[in-house]
Amino acid sequence: MEINSKIYVAGHKGLVGSAILRALVNKGFKNLVYHSSSELDLRDRQQVLAFFEEERIDYVFLAAAKVGGIAANNDYPADFIRDNLLIQTNVIDAAYQTDVSKLLFLGSTCIYPKFAPQPLKEEYLLTGELEPTNQPYAIAKIAGINMCQSYNRQYGTKFISVMPTNMYGPNDNFDLKSSHVLPALLRKFHEAKESNSKTVEVWGSGNPKREFLHSDDLADACLFLMAHYEDGEIVNIGVGHDISIKELAELIKSVVGYEGGIAFNPSIPDGTPRKLVDVTKINALGWQAKISLEDGLKAVYAEFRKEYQTIA
Ligand code: GDP
């Protein structure tokens, strides 16, 4: 990417897209294009094609998607498969029609088979049953990856797909009912500290292990791959190691400065015992995650405290 290349970030308000946009701005890219969904409805083929024809874009980061937790996936399966198929089909095809130099499509490690061995290697995709609760989402994402590969084969495009692990960062979801564990615990420990509560409830046994990637690291990896990778085969993006929920809770407790206790609630299910991706491929390409979990948590906590009045 040249400093004046025209770069489109689709989904620039989300956790991933906003991090990619920040990284591009920080690196001095000048010719950036992004629109909110009210200005440009990516589900509308005509609008998308007209936009690409008008803008003549060089590079696309396709981070726009309908995403959600288990409850949303369960309640709105049709919306998940339809919106994601429409968004990615429209953007990928318009990128091809208008000769975009390169496109990066965001997959997700939650679309690997439910019982794939850990750490997850790229070659495990499509080797087994999917997790039933997010199948409509996963099938749409898998179609997007295959679409990039098929366009590359048939039309000679350079469309690449990446598989980010669990992420955290600014613009995360701090709603306790629908959020993931890291933002949920940051909020719970913060509120417990403010109200002098004796304990903070942490769901499950504390034993499951998870990997946490800061969204700025993810964005850095996406820019790196845009510059150095051309193959259609997927690439995992992760930190390469995981920690237990108990260790996470203790780390968050210390970052927040909470002095009370931690109460595990084993009546809430643990879910998958472990979620970790194999990062051998991206490391061999020359990229590694840089932000330690402690530094990342401190940054997100500072951000959260600034925004907390509006979140609460
Ligand atoms: P998962 O990675 O898809 O399982 O999603 P989560 O991030 O929601 O949960 C990861 C693990 O953290 C699970 O074992 C949860 O039971 C555990 N956990 C502990 N406390 C919390 C909490 O307050 N909120 C959430 N979402 N998970 C929690």
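Residues numbered from 1 in each chain as written. Predicted model: local features only at pLDDT ≥ 70, side-chain atom pairs only at ≥ 80, totals over all residues. Heavy atoms only, no water.

Looking at the sheet that holds strand E4 (residues 102-106)
With respect to topology, six strands assemble into an open sheet ordered E2-E1-E3-E4-E5-E10, the strand pairing being parallel. Both outer strands of the open sheet, strand E2 (31-33) and strand E10 (235-237), are each paired with one neighbouring strand and no more. Direction aside, the axes of adjacent strands within the sheet are offset by 20° on average. Its contacts with the sheet place helix H2 (residues 45-55) against strand E1 (6-10), E2 and strand E3 (59-62), and it is angled at close to 160° to E1. (Pairing = 2+ DSSP bridges. Helix = DSSP H or I, 4+ residues; strand = E, 2+ residues; numbered from the N terminus. Axes fitted to C-alpha atoms, helices over the stretch in contact; angles between N-to-C directions. Contact = heavy atoms within 4.5 Å.)

Things to note about the packing of helix H6 (residues 181-194) against helix H8 (residues 245-256)
Where H6 meets H8, the axes come as close as 9 Å, and the angle between the chain directions of the two elements is 45°. Of the possible angle classes, the one that applies to H6 and H8 is oblique. Between H6 and H8 the crossing geometry is right-handed. Along the contact surface, H6 presents Val181, Leu182, Leu185, Leu186, Phe189, His190 and Lys193, while H8 presents Ile245, Leu248, Ala249, Ile252, Lys253 and Val256. Classifying every residue of the contact of H6 with H8 by side-chain character gives ten nonpolar, one polar and two charged. (Parallel < 35°, antiparallel > 145°, perpendicular 65-115°, else oblique. Left-handed = near helix turned anticlockwise from the far one by under 90°. Nonpolar A, V, L, I, M, F, W, Y, C, P; charged D, E, K, R; others polar.)

Points about the UniProt feature "binding site: substrate" (unreviewed entry) in the chain
Using the residue numbers shown here, the UniProt feature "binding site: substrate" (unreviewed entry) corresponds to Lys188, Trp203, Arg210 and Asp270. As for the lining of the second largest pocket, the annotated residues named previously contribute Arg210. Of note, Lys188 is situated in helix H6. Residues contacting Lys188, with those up to four places away along its chain left out, are Leu176, Val200, Glu201 and Trp203. Tracing the backbone through its elements, the reader meets Arg210 in strand E8 (residues 209-210). (UniProt positions renumbered as here; feature names shortened; annotations may be inferred. 1 Å grid on protein atoms, 1.4 Å probe; cavity = no way out; pocket = protein on both sides within 12 Å on 5 of 7 lines; lining within 4 Å.)

With respect to the site of the ligand
Every one of the 14 residues lining the ligand counts as a neighbour, but Val181, Lys188, Arg210, Asp270 and Lys275 are closest to it. Contact between the ligand and Val181: an oxygen atom at 2.9 Å from a main-chain N or O atom of the residue. Within the side chain of Lys188, an N or O atom sits 2.7 Å from an oxygen atom of the ligand. Expressed as a share of its isolated accessible area of 540 Å², the protein-covered part of the ligand is 86%. (Near = heavy atom within 4 Å. Polar contact = N/O pair within 3.5 Å; in protein donor to acceptor, adjacent residues only side chain to side chain. Areas by Shrake-Rupley, 256 points an atom, 1.4 Å probe, with all protein chains shown as cover.)

Quick word on the nonpolar core
Within the largest apolar cluster, 71 residues are counted, with the highest numbers of intra-cluster contacts made by Tyr8, Ile20, Phe52, Leu225 and Ile237. Among the elements that make up this core, the one with the highest residue count is helix H7 (residues 215-228) (eight residues). Residues in contact with Tyr8, not counting those within four places in the same chain, are Val33, Tyr34, Leu40, Leu42, Phe51, Phe52, Ile57, Tyr59, Val60 and Phe61. In this structure, Phe174, Val202, Tyr258 and Val300 belong to the second largest nonpolar core, which totals 24 residues. (Core = buried A, V, L, I, M, F, W, Y, C linked by side-chain atoms within 4.5 Å. Buried < 20%, exposed > 50% of the residue type's maximum accessible area, 1.4 Å probe, protein only.)

Some details on the layout of surface pockets
Of the pockets and cavities examined, the second largest pocket occupies roughly 150 Å³. Along its surface, the second largest pocket is lined by Arg210, Glu211, Phe212, Val239, His241, Asp242, Ile243, Ala289, Lys290, Ile291, Ser292 and Leu293. Among the residues forming the lining of the second largest pocket, the class breakdown is six nonpolar, two polar and four charged. (Points joined across faces, edges and corners; volume = space filled by probe spheres on them.)

Some remarks on the UniProt feature "site: Important for catalytic activity" (unreviewed entry) in the chain
Here, UniProt's "site: Important for catalytic activity" (unreviewed entry) annotation points to Ser108 and Cys110. Within the secondary structure, Ser108 sits in the loop between E4 and helix H5 (135-155). Sequence-distant contacts of Ser108, defined by excluding residues within four places in its chain, comprise Tyr137, Val162, Met163 and Pro164. A polar contact is formed between the side chain of Ser108 and the backbone nitrogen of Cys110, at a distance of 3.0 Å.

Digging into the sheet that holds strand E11 (residues 243-244)
Strand-to-strand pairing in sheets goes through backbone hydrogen bonds, with the strands running parallel or antiparallel. Ordered in space as E11-E8-E13, the three strands form an open sheet in which the pairing is mixed. Single-partner strands in this sheet number two, and they are E11 and strand E13 (274-275). Note: E8 against E11, two bridges, orientation antiparallel. Residue pairing across strands places Lys209 opposite Ser244, the latter belonging to E11.

Points about helix H1 (residues 15-26)
Counting along an α-helix, one turn takes 3.6 residues, and residues three or four places apart therefore face a common direction. The first and last C-alpha atoms of H1 sit 17 Å apart over twelve residues, in line with the 16 Å expected at 1.5 Å per residue. Counted residue by residue, H1 has nine buried out of twelve residues, so it is predominantly covered. Those residues of H1 that fall on the buried side of the exposure criterion are Leu15, Val16, Gly17, Ser18, Ala19, Ile20, Leu21, Ala23 and Leu24. In this fold, the buried residues of H1 make contact with E1, E2, E3, E4, strand E6 (167-168) and H7. Just downstream of H1 lies Gly28, where phi reads positive at about 90°. (Expected span 1.5 Å × (residues − 1).)

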